[in-house]
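# Structural characterization, general
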Amino acid sequence: MLPSDATGPASPAAADDPGVDAPLATAAESDAARRARAALAGVAPEPGAAKPDPILTAAGIRRAFGGIVAVDVERVEVQRGSITALIGPNGAGKTTFFNLLTGFDKPDTGTWSFDGKDMAGVAPHRMAARGMVRTFQLTKSLTKLPVIENMKLGATGQKGEKWWNGLIPGTWKQQEAEIEARADQLLQRFKLDHMRDEYAGALSGGQRKLLEMARALMTDPTLVMLDEPMAGVNPALKQSLNAHVKGLRDEGMTVLFVEHDMDMVHDISDWVIVMAEGRVIAEGTPDDISSNPAVIDAYLGMHQGRSLLEDL
Amino acid sequence: MDIGAVLETAILQFIGFNACYYAIAAIGLNVQFGYAGLLNFGQAGFMAAGAYGLGQTVQIFEISLWWGLLIGIGYATFLGLLMGVPTLRLRSDYLAIVTIASAEIVRLVVRSVKFRGQFGGTDGLTGFARAYQQVGVDLGLDLAGQYGFWIFTFSGRNLWNLIVGWTLVAIFGTIVWLLMRSPWGRVLKAIREDEDAVRSLGKNVYSYKMQALILGGVIGSFAGMMLALGNATVQPDNFSRDLTFFVLTGLVLGGVAKVTGSIVGPMLFWFIYSFLDSFLRQLIDKPVRIGDFTLIQSTDVGVVVFMIMGVLLVLLMVYRPQGLFGNRKEMAFEGR
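Residues numbered from 1 in each chain as written. Chains lettered and ligands numbered in written order. Predicted model: local features only at pLDDT ≥ 70, side-chain atom pairs only at ≥ 80, totals over all residues. Heavy atoms only, no water.

### So, the overall build of chain A
Note the cut-off: Secondary structure elements follow DSSP: runs of H or I of four or more residues count as helices, runs of E of two or more count as strands, with numbering from the N terminus. Exposure is judged per residue with a 1.4 Å probe applied to protein chains only, and the accessible area is read against the type maximum: over 50% gives exposed, under 20% gives buried, and values in between give partly exposed. Contact between two residues is taken to exist if any of their heavy atoms lie within 4.5 Å; hydrogens are not considered.
Secondary structure summary: chain A contains 11 helices and 10 strands in total. In chain A, which comprises 312 residues, the share counted as buried stands at 55%. Sequence separation of at least 24 residues holds for 69% of the intrachain contacts in chain A that already meet a minimum separation of 6.

### As for the overall build of chain B
So the rule is basically this: Throughout, the radius of gyration refers to the C-alpha atoms, and the reference size of a globule is 2.2 Å times the residue count to the power 0.38. Accessible areas in this description were obtained via Shrake-Rupley with a 1.4 Å probe; residue shielding takes into account the shown protein chains only. Asp and Glu are treated as the negative residues and Lys and Arg as the positive ones, with His and the ends of the chain left uncounted. For this purpose, a charge sits on NZ of Lys, CZ of Arg, CG of Asp or CD of Glu.
Within chain B one finds 15 helices and six strands. Relative to its length of 336 residues, chain B is compact, with a C-alpha radius of gyration of 21 Å against a globular reference of 20 Å. Overall size of chain B, expressed as C-alpha extent along the three principal axes, is 65 × 55 × 40 Å. Going through the 336 residues of chain B one by one, you find that 51% of them count as buried. Total accessible area on chain B stands at roughly 14,700 Å², and carbon and sulfur atoms take up 64% of it. Counting 24 positive and 20 negative side-chain charges, chain B places the averaged centre of each group 9 Å from the other.

### Concerning the packing of aromatic side chains
Cut-off, in case you're wondering: Paired rings are identified among Phe, Tyr and Trp, the last through its six-membered ring, by centres lying within 6.5 Å, and are further divided according to the angle between planes into stacked (under 30 degrees), edge-to-face (over 60) and tilted (the rest). Only lysine NZ and arginine CZ atoms are considered, and such an atom sits over a ring when it is within 6 Å of the ring centre and within 35 degrees of the ring normal.
Enumeration according to the criterion identifies 22 aromatic pairs over all chains in this entry. Considering the side-chain rings of B:F17 and B:Y21, the 5.5 Å spacing of their centres and the 50 degrees angle between planes classify their relative orientation as tilted. Taken together, the residues B:F17 and B:Y21, both in helix α2 (residues 17-35) and four residues apart, mark about one turn of the helix. Each member of the pair, B:F17 as well as B:Y21, is classed as buried. Judged by centre distance (6.2 Å) and plane angle (15 degrees), the rings of B:F271 and B:F275 are stacked. With a gap of four residues between them, B:F271 and B:F275 both fall in helix α13 (residues 259-283), about one helical turn apart. Overall, the relative accessible area of 22% leaves B:F271 in the partly exposed class. Put simply, the rings of B:F17, B:Y21, B:Y22, B:F246, B:F269, B:W270, B:Y273 and B:F306 touch in pairs and so form one group of aromatic residues. Its end group placed over the ring of A:F136, A:K140 keeps NZ or CZ at 5.0 Å from the ring centre. For B:R89, the ring lying beneath its charged end belongs to B:Y206, and the centroid distance is 3.8 Å.

### A short note on the sheet that holds strand β2 (residues 68-79) of chain A
Residue and element names in this part refer to chain A. To be explicit about the condition: The criterion for strand pairing is that DSSP finds at least two bridges linking the strands in question. Helix axes are fitted only over the stretch in contact, all axes being lines through C-alpha atoms; the angle between N-to-C directions runs from 0 to 180 degrees.
Pairing is antiparallel in the open sheet, where four strands are placed in the order β2-β1-β4-β5. Of all strands in the sheet, those bounded by a partner on one side alone are β2 and β5 (117-118). Across two bridges, strand β4 (residues 109-114) lies against β5 in antiparallel orientation. Among the inter-strand pairings, F114 is bridged to a residue of β5, identified as K117. The sheet contacts of helix α2 (residues 94-101) involve β1 (54-65), β2 and β4, and relative to β1 the element is tilted by about 115 degrees.

### A few points about the pairing of strand β6 (residues 293-296) of chain B
All names here are of chain B. Relative to β6, strand β5 (residues 288-290) runs antiparallel, the two being bridged by three bridges. Along β6, the bridge assignment pairs R289 with T294. Where β5 folds back on β6, the antiparallel hairpin that results is connected by two residues, among which G291 adopts a positive phi of roughly 60 degrees.

### Points about the confidence of the model for chain A
Residue and element names in this part refer to chain A. Under the convention used in this document: Values of pLDDT, the confidence the predictor places in each residue, fall between 0 and 100.
Chain-level statistics for chain A give a pLDDT mean of 83 and a share of 86% at 70 or above. Ranking the helices and strands of chain A by mean pLDDT puts helix α4 (residues 147-153) first, with 96, and helix α11 (residues 293-298) last, with 74. Taken as a whole, residues 1-27 scores under 50 in pLDDT and shows 42 contacts with residues more than four places along the chain or in a different chain.

### A closer look at the sheet that holds strand β10 (residues 279-284) of chain A
Residue and element names in this part refer to chain A. Taken in spatial order, the six strands line up as β6-β7-β8-β3-β9-β10 in an open sheet, and their pairing is mixed. The open sheet has two free edges, formed respectively by β6 (132-134) and β10, since each of these has just one partner strand. Averaged over all pairs of adjacent strands, the angle between strand axes in this sheet comes to 15 degrees, irrespective of strand direction. Here five bridges tie strand β7 (residues 223-227) to strand β8 (residues 254-258), and the two strands are oriented parallel to one another.

### Quick look at the environment of A:D261
Within the secondary structure, A:D261 sits in the loop between β8 and α9 (262-268). The contact partners of A:D261, leaving out residues within four places of it in the chain, are A:M230 and A:K238.

### Points about the domain arrangement of chain A
Residue and element names in this part refer to chain A. So the rule is basically this: An automatic or database domain assignment provides the domain bounds reported here. Here the quantity called buried area is the accessible surface, traced with a 1.4 Å probe, that two parts lose on coming together, added over both.
Entries for chain A in the domain assignment read domain 1 (29-141 + 223-300) and domain 2 (142-202). Averaged C-alpha coordinates put domain 1 and domain 2 at centres separated by 29 Å. Contact residues are listed per partner, giving seven residues for domain 1 and seven residues for domain 2. Taken over both partners, the interface formed by domain 1 and domain 2 buries close to 530 Å², and the fraction arising from carbon and sulfur atoms is 54%. Three residues, S141, H244 and E251, lead the burial of domain 1 against domain 2; their summed loss comes to 75% of the area buried on that side.

### A word on the interface of chain A and chain B
Going by this rule: Salt bridges, as used here, are contacts in which a Lys or Arg side-chain nitrogen is within 4 Å of a carboxyl oxygen on Asp or Glu. By the criterion applied in these results, polar contacts are pairs of N or O atoms within 3.5 Å in which, for protein atoms, one can donate a hydrogen and the other can accept it, and in which residues neighboring in sequence qualify only through two side-chain atoms. Here the nonpolar group is Ala, Val, Leu, Ile, Met, Phe, Trp, Tyr, Cys and Pro; Asp, Glu, Lys and Arg are the charged ones; every other residue, Gly included, is treated as polar.
Taken together, the contact between chain A and chain B spans 38 residues of the former and 31 residues of the latter. A combined buried area of about 3,100 Å² lies between chain A and chain B, and 62% of that area is made up of carbon and sulfur atoms. Together, A:H125, A:K144 and A:Y199 form the three largest contributors to the area buried by chain A at its contact with chain B, with a combined 21%. For the salt bridge of A:E161 with B:K203, the shortest nitrogen-to-oxygen distance reads 3.0 Å. Taken together, the links from chain A to chain B amount to 11 residue pairs in polar contact (both at pLDDT 80 or more). Counting residues per element, the ones that place at least two in the side of chain A that touches chain B are α3 (124-130), β6, α4, α5 (163-166), α6 (173-189) and α7 (205-217) of chain A. Of the residues belonging to the side of chain A that touches chain B, the class tally is 16 nonpolar, 11 polar and 11 charged.

### With respect to the side chain of B:N30
Among the secondary structure elements, B:N30 is positioned in helix α2. Not counting residues within four places of it along the chain, the set of residues in contact with B:N30 comprises B:Y35, B:L251, B:V256, B:A257, B:K258, B:V259 and B:S262.

### Side note on the environment of B:I290
Here B:I290 shows up in strand β5. The class for B:I290 is exposed, based on a relative accessible area of 55%.

### Observations concerning the nonpolar core
In plain terms, the rule: For the purposes of this section, nonpolar cores are sets of buried Ala, Val, Leu, Ile, Met, Phe, Trp, Tyr and Cys residues that join through side-chain atoms within 4.5 Å.
Grouped together as the largest cluster of nonpolar side chains are 100 residues, with contacts concentrated most on B:I24, B:L188 and B:F239. Of the residues forming this core, the biggest block, 16 residues, is contributed by helix α11 (residues 205-231) of chain B. Residues within four places of B:I24 in sequence aside, it is in contact with B:G165, B:L168, B:V169, B:F172, B:I219, B:F222, B:A223 and B:M226. Within the second largest apolar cluster, 44 residues are counted, among which are A:A155, A:L210, A:V255 and A:I268.

Next comes the structure, spelled out in structure tokens:
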């Protein structure tokens, strides 16, 4: 955990927080949630709004594929310690925007900074060491590695990942044991401990989503970027995923996620950014967004005049 | 028919010099292909790099043979960089194309008239192995003598080659085994499956792929050095495409991503090859005719053996795709 964490307990002990897996309906709002919402209460609900303590700031990001402008974002800020949702219709450029921020794709123009440091041109493999980790829309669990190996892969700064150290087990055995203990803790928290030694290929689709999220946490991130964490997950598991995402914020992490599931968005996010045709068309709290005519027009045109949640 | 003699020939090949330097090459190829998923179709090029590095010392540079170890490793590293720098950022198919072409370029360069002064042209290089053989003599081996074990007899020279060769197999086998149990090996296996996932977890995928390519290539160069020392000569046409694909066949036979597979596979390759060859030669000592049509005669055996081996390889892929020692469970999951 990086010392810059503004809120919440940052020790692995927090992994055992009993509130993390509590059913949503009865979950009391945590301190972290209250803090995040209070900080965002004064922010104007408009595209590009400045946040009191942004962890991620992007400006002038533009990416075109041939003649099609996939992303053209003037300004986006993500508040530290909050859960921010990125929504928008298919083809709005959400995943492309994600890829640009995480270095998996390069923008034609634009700058962005994370934790005050310029991130333009930083290779994707350097993001994790800086505290920024992402998951993928199509789950990338490594099916031919056992679950525990998947987890251990996530730890950064491993001595044994240098080949000359790899030859001498004495140089990495102790660190490996520490990593394994941390991995086991996370597996327990995500209720995957019974699958520990199975190949990840033996997991169900939902369990793979959980594994990918747990593996991402092995990098000790300050910002977790989830690309459609709910895609293809059954309703029961959605509840627990929801709780896990909230748990991240309660531990002081910042979460930015792409999602289509409006239930989830409304339930867990502190702030919502709406994209359409590559642009940010609206920002605000979930309640602001449900009543924003621009959003209803662009994203939910056919539901005009009804609650955002009514049909879902 | 003397099936005993057939088996004896086959068993000799099972533990013989060919199996031995194939095994070294396959251990290296396994690092690239088996663990890191890099399609290297140019292992013969790395072997040539090692063999020529060694061969050049005495005849061309007029220095001690042992510098050849460093020169060979240097050549193999350079070749790995040359192949890897432009291709490792691209999809793996490109590496396959580049490696197969590079190995051919290496072979054509070393056999060319233009570089006769450096690589000896089609004659190759000779006269460098004396220092190597002297070590055997110093250790008390009579290189001109005969050594009998059980039902086999080895010449002293052959025995020395086998001792050195299998020692190298043991050394490289242990190195790769250690590496693949380490976090380094874990990163490699993860890259084999999904590069982007590994990248998102903060690993420099490009660097790991390069390390795997060069490590496998350097091990391959030792196979070439062994071949050069064993034959006491380096011939450019030893390093043809056939060599790469025979080594690959041996590896697949044994089972990829397993150290035991990469060692026993090439041994079995030579066992099966030699068994079929001497079996068919005994079976078809005179032409088999149907009326006027000659179905098969002894000069066809060489070709028929490879046809049968091809069929066996296909059957292996269908019924046991993981090879003899591979992990079926590991192979069973598709990269979803």
